[in-house]
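# Inside the fold
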Amino acid sequence: MSTTQMGPDVNPIAALRELFYAHYRFQYLSAGYRLGLFELLGGEPGMTHPEIAARLGLRPQPARILLLGCTSAGLLEKNDDCYRNSAVAAPLGAAPTDVPAAFVPWEQHVNYRPMAWFYESLKAGTNIGLQKEIPGDATTLYERLALNPELETTFHNMMGSVSRIVAEDLVHRLDLSGYTHLLDVGGGTAVNATHLARRWPNLRITIVDLPTVAATANEKIAAAGLADQVTAVGLDVFRDEFPKGCDAVLFGHFLEIWSVERNKSLVAKAARAVDPGAAVFVVTPGANDDGTGPDLAAALSAYFLTVASGEGMVYTGAEYEEWLLDAGFEPSGRLTVGNLGDIVITGVRK
Ligand SMILES: C[S@@+](CC[C@H](N)C(=O)[O-])C[C@H]1O[C@@H](n2cnc3c(N)ncnc32)[C@H](O)[C@@H]1O
């Protein structure tokens, strides 16, 4: 329950206890997932404690603790001596590259330790969590991931799982029939681009992303048989100008990473790269215009400060519209997209 949903009848001590215990609950979820508990009970519901301990290779008491916590957290149900997955745990049986399973290694291996430096990051106004916990010298998570292939895969599995859901809806929500060449800024491993290319076969797409990511994107594009239509170019969007010749620009899950100043300069860079009539699309998790939430915006904002970049947060639709207007784009609408809390802010170059 988010604090904004608490009514006058809420017992504050009980509500605080929920918050104190949240990190233990995640560890029960993560350990259960990594041990294969939910997969085991998904295939063979009704197993007992000794059977589960034997199958997971745990001694009896640690297995008992795991089952106690997973049951108390609502992940398992116990009837007589038999355990089964609850409706909450059932979706964890999805492919490890899909929502929600892709989030378990992401939260466990990338975010959990860095987020313990949230207080220090607030005080310093930068991403102390990244600096303390993720190997490398670079200032952003994305650049450090380039040195950590396992973590980079964990990140792109998580990001891809979200982007697929968004992209599957985006292809129906955006009308790109009037455009010839889309620039996909920070386009990652081409999840959005491959979906959009299939939907709009006459649309060329150029992805710009960091070189290691662009290389992976080009492999995925070739494997999808879309190399004639989609190309990924390795560059740093803060050092390099955007390629010219595009008549639409997509910022997909990108601008929330950066500070207000950098976002204004990126939007201005997009405006310089296109002619009047070109479109801009900003796909981003949305924050309520009144600053009250939602939970997703709060969680991601803490992550952008503490881990990802040390400077971003989930901004409101109104802020994006103001930046577009200042850069020379006329805001032309707001859509919700997917079912995970994303919005699209659209604009047209004046
Ligand atoms: C959150 S992901 C979004 C990926 C994709 N647009 C999507 O919606 O799935 C952000 C992307 O920005 C890229 N990125 C970060 N810093 C960058 C930079 N300085 N220049 C170019 N790309 C960058 C990362 O490599 C990553 O692929």
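Placed above this text is the structure.
First, a word on scope: everything that follows refers to the structure included in this document.

The rules behind the values
Residues numbered from 1 in each chain as written. Predicted model: local features only at pLDDT ≥ 70, side-chain atom pairs only at ≥ 80, totals over all residues. Heavy atoms only, no water. Pairing = 2+ DSSP bridges. Helix = DSSP H or I, 4+ residues; strand = E, 2+ residues; numbered from the N terminus. Axes fitted to C-alpha atoms, helices over the stretch in contact; angles between N-to-C directions. Contact = heavy atoms within 4.5 Å. Buried < 20%, exposed > 50% of the residue type's maximum accessible area, 1.4 Å probe, protein only. Right-handed = clockwise from strand over helix to strand, strands pointing away. Salt bridge = Lys/Arg side-chain N within 4 Å of Asp/Glu carboxyl O. Core = buried A, V, L, I, M, F, W, Y, C linked by side-chain atoms within 4.5 Å.

Let's shift gears to the sheet that holds strand S5 (residues 230–234). The strands making up a sheet are joined through hydrogen bonds of the backbone, oriented either antiparallel or parallel. What the seven strands build is an open sheet, ordered S5-S4-S3-S6-S7-S9-S8; its pairing is mixed. With one partner strand each, in any of the chains shown, S5 and strand S8 (329–337) form the two edges of the open sheet. Direction aside, neighbouring strands of the sheet carry axes that sit 20° apart on average. Helix H14 (residues 317–327) contacts strand S7 (279–285), S8 and strand S9 (342–349) of the sheet and is inclined by roughly 155° relative to S8.

A separate point is the pairing of S7. Counted residue by residue, S7 has seven buried out of seven residues, so it is predominantly covered. Neither face of S7 is open: one carries Ala279, Phe281, Val283 and Pro285, the other Val280, Val282 and Thr284, and all of them are buried. Sheet topology places strand S6 (residues 248–252) next to S7; five bridges connect them, and they run parallel. Note on S7: the bridge partner recorded for phenylalanine 251 is valine 282. With respect to chirality, the unit in which S6 leads through helix H12 (residues 260–273) into the neighbouring parallel S7 is right-handed. With seven bridges joining them, S7 and S9 adopt antiparallel strand pairing. Across the sheet, proline 285 pairs through a bridge with aspartate 342, a residue of S9.

Our focus in this paragraph is the pattern of salt bridges. Enumeration according to the criterion identifies nine salt bridges in this entry. Measuring nitrogen to oxygen at the nearest pair gives 2.7 Å for the salt bridge that ties glutamate 44 to arginine 55. One end of the pair, glutamate 44, is in the loop between helix H2 (37–43) and helix H3 (49–56); the other, arginine 55, is in helix H3, and eleven residues separate them in sequence. The exposure class of glutamate 44 is partly exposed, given its relative accessible area of 36%. Given the relative accessible area of 47%, arginine 55 is considered partly exposed. Between arginine 334 and aspartate 289 there is a salt bridge, with the nearest N and O atoms lying 3.2 Å from each other.

This part takes up the nonpolar core. Of all hydrophobic cores here, the largest spans 75 residues; its most connected members are Leu141, Val185, Phe242, Phe251, Phe254, Tyr303 and Phe329. With seven residues, the top contributor of residues to this core is helix H9 (residues 149–173). Setting aside chain neighbours within four positions, we find tyrosine 303 in contact with Trp106, Asn111, Met115, Leu141, Tyr142, Phe155 and Ala308. Counting residues in hydrophobic clusters, the runner-up holds 16 residues, among them Phe38, Leu41, Leu56 and Leu76.

Don't take any of this as a statement about function, it's just geometry.
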